[in-house]
Amino acid sequence: MGLRFRKSLRLFKGVALTASTAGVGLRLGVPGLNVSVGPSGKALNLGVPGTGVGLRVPLGGREGA
């Protein structure tokens, strides 16, 4: 099991900047439905807030890089 680091900073409602060991990314949307852009590429994130259950759908780019 590897060590992970992630820090998220809410810029304003619906927009957050996230820094991790992989790099810096941007998240746009609401809890349960958002689009993220970062070092792993672009993705649509769907989830049930507060449960930890969710789905990440890659939108192209550098997925898995």
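Above this text is the structure in question.
Residues numbered from 1 in each chain as written. Predicted model: local features only at pLDDT ≥ 70, side-chain atom pairs only at ≥ 80, totals over all residues. Heavy atoms only, no water.

Visitor: Describe the overall build of the chain, and please don't skip the residues or the numbers.
Guide: Each helix and strand counted, the chain has 0 helices and 6 strands in total. A compact globule built from 65 residues would reach a C-alpha radius of gyration of about 11 Å, and the chain, at 12 Å, matches this within 12%. Considering only C-alpha atoms, the chain reaches an extent of 25 × 25 × 25 Å along its principal axes. Looking at the chain as a whole, 14% of its 65 residues are labelled buried. For the chain, the accessible area works out to roughly 5,000 Å², and carbon and sulfur atoms hold 65% of it. (Helix = DSSP H or I, 4+ residues; strand = E, 2+ residues; numbered from the N terminus. Rg over C-alpha atoms; globule rule 2.2 N^0.38 Å. Buried < 20%, exposed > 50% of the residue type's maximum accessible area, 1.4 Å probe, protein only. Areas by Shrake-Rupley, 256 points an atom, 1.4 Å probe, with all protein chains shown as cover.)

Visitor: Which residues make up the side chain of Thr 18, and what are the values?
Guide: Relative to the elements of secondary structure, Thr 18 occurs in strand β2 (residues 15-20). Of note is the side chain of Thr 18, whose polar atom sits 3.5 Å from the side chain of Arg 27. Each residue touching Thr 18, except ones within four places of it in the same chain, is listed here: Arg 6, Lys 7, Ser 8, Gly 23, Val 24, Gly 25 and Arg 27. (Polar contact = N/O pair within 3.5 Å; in protein donor to acceptor, adjacent residues only side chain to side chain. Contact = heavy atoms within 4.5 Å.)

Visitor: Lay out the pairing of strand β1 (residues 6-12) with the relevant residues and their values.
Guide: Burial within β1 is sparse, with just 0 of its 7 residues counted as buried. Bridge analysis of β1 against β2 gives 6 bridges, and the strand direction is antiparallel. Residue pairing for β2: Lys 7 is matched across the bridge by Ala 19. Where β1 hands over to β2, the hairpin turn is made up of 2 residues, of which Gly 14 adopts a positive phi near 90 degrees. (Pairing = 2+ DSSP bridges.)

Visitor: Can you explain the pairing of strand β5 (residues 41-48)? Please cite residues and give values.
Guide: Note on strand geometry: in a regular strand, side chains alternate between the two faces of the sheet. Bridge count for strand β4 (residues 33-38) against β5 is 6 bridges, and the pairing is antiparallel. In the sheet register, Leu 33 faces β5, and the bridge partner there is Leu 46. Between the end of β4 and the start of β5, which pair antiparallel, lie 2 residues.

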